[in-house]
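This is what each chain is made of:
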Amino acid sequence: MITNETLELVLQSLQEFAKEHLPDEKLIELDERDICPMDLVHHMCSPDKLGIQLLFIPEEYGGMGGGAFDVYRICEEMARIDLGVATAVLATFLGSDPITVGATPEQKTTWLSRIAEEGLLFAYGATEAEAGSDLGSLRTIAARVTEDDKVVGYKISGNKQWISNGGVADVCTILANTPAGPTWFVVEKDAKGFGHGKPENKHGIRLSNTAALTLDEVYVDADRLIGGVEGQGLLQAQAVFGYTRLMVAAFGLGAGWAALDRAIPYSMNRIQAGAPLSEKQGYTHKLIVPHVARLEASRAYIEETAERIDAGEGSLNTEGAIAKYMATEAGNLAADASIQALGGYGYTHEYMVEKIKRDVRITTIYEGTSEIMEMTIGRDRWQFHMKTRGQHYHEQAKFMEALHAERPNVGANIAALALHALAEVMERAHVGKLTRHQHILLRLGELIAFAESAACLARRAARMVEGKLDEKTNRRFDATALAAVSRIFAREAALKVAEEGLRWAGGADAVSDADMAAFEASLSLPAIHRAQAGLISDMDFIADVIYGRAAKRSGLAA
Ligand SMILES: Cc1cc2nc3c(=O)[nH]c(=O)nc-3n(C[C@H](O)[C@H](O)[C@H](O)COP(=O)(O)OP(=O)(O)OC[C@H]3O[C@@H](n4cnc5c(N)ncnc54)[C@H](O)[C@@H]3O)c2cc1C
């Protein structure tokens with residue numbers, strides 16, 4: 001376990017490292033020249049230097065035994081510096097994940113200790129040309145090599161595509177088909193027959209090495225089969241999805257805030273029409289404040305999920321998917337708005353937001369695309385809806401109503417409206433068998449993510465008032481401001497769930513006017529519309545807080 005003091009020290013070291021080694025001019029130059037700064041990646045991963053890797057490794061193997069919460073904070077900070085370098089560091093963590101979850105004790109001692117002691121760089125080799133989102137289609141083969149009827153090793157043949165650290169890793173974990181199914185193997189870079197392509201010329205994260213891998217009858221001893229049992233590969237990959245997606249979620253969060261943290265000071269100094277842009281409500285309330293609300297809703301979901309993983313609630317794959325979906329989509333929108341916020345300057349390399357926007361784009365693609373996240377969320381929560389005969393989200397809404405009775409200003413009542421409406425949309429989908437349309441299932445995934453995030457942010461705002469937030473939390477706002485952020489986001493979520501739910505579930509099949517009117521009435525749209533009252537004054541308040549102005553405390557003290 002890592003104490004809060006240690007975590008703060010690591011975060012501070014990262015910031016100092018970035019200031020010294022990765023100032024903006026250097027980042028821009030490396031990005032333009034498409035260079036992965038290996039010296040800096042090694043510096044970050046070496047145990048006698050920054051040693052970020054140590055955080056990911058359990059204590060019994062020489063690491064610091066950081067939990068999901070610690071890892072989220074570090075990933076957010078790394079993403080604020082550069083998502084390419086962050087990806088290079090994360091690749092070791094992803095690459096060694098199959099070992100952490102599935103290896104034998106001997107294998108763990110060998111590989112995890114070497115990462116801790118030697119700063120080994122790993123790559124995670126799953127994707128292939130024909131096997132991206134659908135890893136089950138992989139074609140890389142691991143053929144058994146036997147002696148006296150005993151399996152002594154494997155010969156691995158195939159091609160991997162878009163592997164982070166692929167051209168620079170010391171060791172790769174490779175997913176290959178054995179006779180018993182997909183299985184992870186550890187392959188060292190010098191293995192005969194193992195090669196890699198030239199670095200990909202990418203849209204973003206150009207400071208990260210991404211390369212194809214080729215395996216031509218690469219021989220590995222049987223002890224390189226992770227866990228010693230064939231066919232466990234997909235299960236081992238799934239076992240950590242909650243955790244790994246949380247890290248990419250933290251990347252989206254960090255990159256989104258990095259962009260806003262450039263747009264905000266810029267707008268204080270840029271004078272147009274006689275006043276700083278920061279004083280123009282049509283600017284702040286479109287380009288800054290809504291993105292702050294979405295990013296902080298994502299943070300609430302990331303933090304709650306991290307706490308639950310650390311408390312031993314399991315791998316929480318669906319929660320990881322919601323966190324990733326919300327944070328990476330919000331990060332992309334925030335970075336895009338930041339280009340707009342800087343106008344023509346934002347469109348040039350020099351001002352960095354353009355680079356951040358290109359970099360953050362990857363977060364909705366790797367570790368599961370946004371559409372795969374929507375599908376995962378939709379399918380999982382559909383089960384909840386069915387098992388509870390449609391009551392799951394009504395029950396969640398009741399928790400919010402109870403919270404509202406205790407803490408009337410954290411937006412819990414509006415989150416409750418979102419959850420009730422969601423339950424009705426799902427019931428409509430159930431009765432009409434609408435999930436036979438894949439689009440409806442995926443849209444449900446999106447609405448679920450918004451409604452759950454609104455509830456989560458309201459809980460976080462209430463905990464903050466009560467002084468019950470995790471001491472390791474990232475506190476960008478005080479309790480009153482976070483309550484206002486929560487109200488802003490809950491209004492957006494409730495309106496989205498009801499109106500888009502009406503659009504998609506209502507639009508799925510031809511129905512009578514009376515049927516449509518009954519569905520519409522079930523969504524409590526008038527109440528959701530009334531809940532929008534106060535939106536602009538909450539946004540004014542958050543703009544004042546962000547810009548450090550003598551905020552007119554939004555009359556609704558939390
Ligand atoms: C820079 C970079 C780094 C990467 N690093 C790694 C790494 O280190 N290790 C590794 O193993 N992989 C890595 N990847 C691969 C990455 O994980 C995959 O690109 C990703 O999983 C998507 O797979 P795909 O590209 O084949 O797209 P596809 O799966 O072909 O998807 C294409 C589009 O179709 C959608 N789609 C797919 N299936 C469905 C469906 N059933 N229903 C509806 N829509 C669907 C997707 O959402 C997407 O929009 C990396 C990729 C990049 C670009």
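Scroll up for the structure.
Worth saying up front: this structure is predicted, and the values here are computed from it rather than measured.

K.L.:
Explain the overall build of the protein chain here, please?
P.N.:
Secondary structure assignment for the protein chain yields 22 helices and 9 strands. A compact globule built from 558 residues should have a C-alpha radius of gyration of about 24 Å, and the protein chain, at 24 Å, falls within 12% of that. For the C-alpha atoms alone, the extent of the protein chain along its principal axes is close to 75 × 55 × 40 Å. Evaluated residue by residue, the protein chain yields a buried proportion of 58% over its 558 residues. Residue pairs in contact within the protein chain that sit at least 24 positions apart in sequence constitute 76% of those at least 6 positions apart. When the accessible surface of the protein chain is totalled, it reaches about 22,200 Å², and 51% of it is carbon and sulfur.

K.L.:
For this particular structure, what's the right way to read the pattern of salt bridges?
P.N.:
Side chains that differ in charge, positive against negative, can pair when their charged atoms come close. Within the structure shown, the criterion is met by 40 salt bridges. With its nearest N and O atoms 2.8 Å apart, the salt bridge here joins Asp31 to Arg358. Taken as a pair, Asp31 in helix H2 (residues 24-33) and Arg358 in helix H14 (residues 353-360) lie far apart in primary sequence, 327 residues in all. Through salt bridges with shared partners, a single ionic network connects Arg308, Glu313, Glu319, Asp380, Arg381 and Glu452.

K.L.:
When you look at the site of the ligand in this model, what are you seeing that I'm missing?
P.N.:
Around the ligand sit 20 residues in total, of which Tyr124, Thr127, Ser133, Thr369 and Glu371 are the nearest. Between an oxygen atom of the ligand and a side-chain N or O atom of Glu371, the distance comes to 2.6 Å. Between the ligand and Gln438 there is a distance of 2.8 Å, counted from a nitrogen atom to a side-chain nitrogen or oxygen. Taken by itself the ligand offers 970 Å² of open surface, and the protein chains cover 68% of this.

K.L.:
How should helix H17 (residues 412-431) be read in this particular structure?
P.N.:
Turn by turn, an α-helix covers 3.6 residues, leaving residues three or four places apart pointing in a common direction. A rise of 1.5 Å per residue sets the reference length of H17, with its 20 residues, at 28 Å; its end C-alpha atoms lie 28 Å apart and thus fit the reference within 8%. Of all the 20 residues making up H17, 14 are buried; the element is thus mostly covered by neighbouring parts of the structure. Looking one or two residues past H17, Lys433 carries a phi angle of roughly 50 degrees, positive in sign.

K.L.:
Please clarify how the packing of helix H5 (residues 68-81) against helix H9 (residues 241-269) should be interpreted in this entry.
P.N.:
Axis angle and axis distance: for two packed helices, these are the angle between their axes and the distance between the axes, and together they describe the pair. It is the contact of H5 with H9, at a shortest axis distance of 7 Å, that shows an interaxial angle of 40 degrees. In this structure, H5 crosses over H9, and the sense of that crossing is right-handed. Every residue of H9 that contacts H5 at Ala68, Val71, Tyr72, Cys75, Glu76, Met78, Ala79 and Arg80 is listed here: Tyr243, Leu246, Met247, Ala250, Phe251, Leu253, Gly254, Ala255, Trp257, Ala258 and Asp261. When the residues that make up the contact of H5 with H9 are grouped by side-chain class, the tally is 15 nonpolar, 1 polar and 3 charged.

K.L.:
Is there a simple way to explain the pairing of strand E4 (residues 171-178) in this structure?
P.N.:
When a strand is regular, its side chains alternate between the sheet's two faces. Counting buried positions along E4 gives 8 out of 8 residues, so the element sits mostly inside the fold. Every second residue of E4 is oriented toward a common face, with Val171, Thr173, Leu175 and Asn177 on one face and Cys172, Ile174, Ala176 and Thr178 on the other, all of them buried. Of the pairings in the sheet, the one linking E4 to strand E5 (residues 181-188) comprises 8 bridges and is antiparallel in character. By the bridge assignment, Leu175 is partnered in E5 with Trp184. Hairpin connection of E4 to E5: 2 residues between the antiparallel strands.

Rules used in this analysis
- Residues numbered from 1 in each chain as written.
- Predicted model: local features only at pLDDT ≥ 70, side-chain atom pairs only at ≥ 80, totals over all residues.
- Heavy atoms only, no water.
- Helix = DSSP H or I, 4+ residues; strand = E, 2+ residues; numbered from the N terminus.
- Rg over C-alpha atoms; globule rule 2.2 N^0.38 Å.
- Buried < 20%, exposed > 50% of the residue type's maximum accessible area, 1.4 Å probe, protein only.
- Contact = heavy atoms within 4.5 Å.
- Areas by Shrake-Rupley, 256 points an atom, 1.4 Å probe, with all protein chains shown as cover.
- Salt bridge = Lys/Arg side-chain N within 4 Å of Asp/Glu carboxyl O.
- Near = heavy atom within 4 Å.
- Polar contact = N/O pair within 3.5 Å; in protein donor to acceptor, adjacent residues only side chain to side chain.
- Expected span 1.5 Å × (residues − 1).
- Axes fitted to C-alpha atoms, helices over the stretch in contact; angles between N-to-C directions.
- Left-handed = near helix turned anticlockwise from the far one by under 90°.
- Nonpolar A, V, L, I, M, F, W, Y, C, P; charged D, E, K, R; others polar.
- Pairing = 2+ DSSP bridges.

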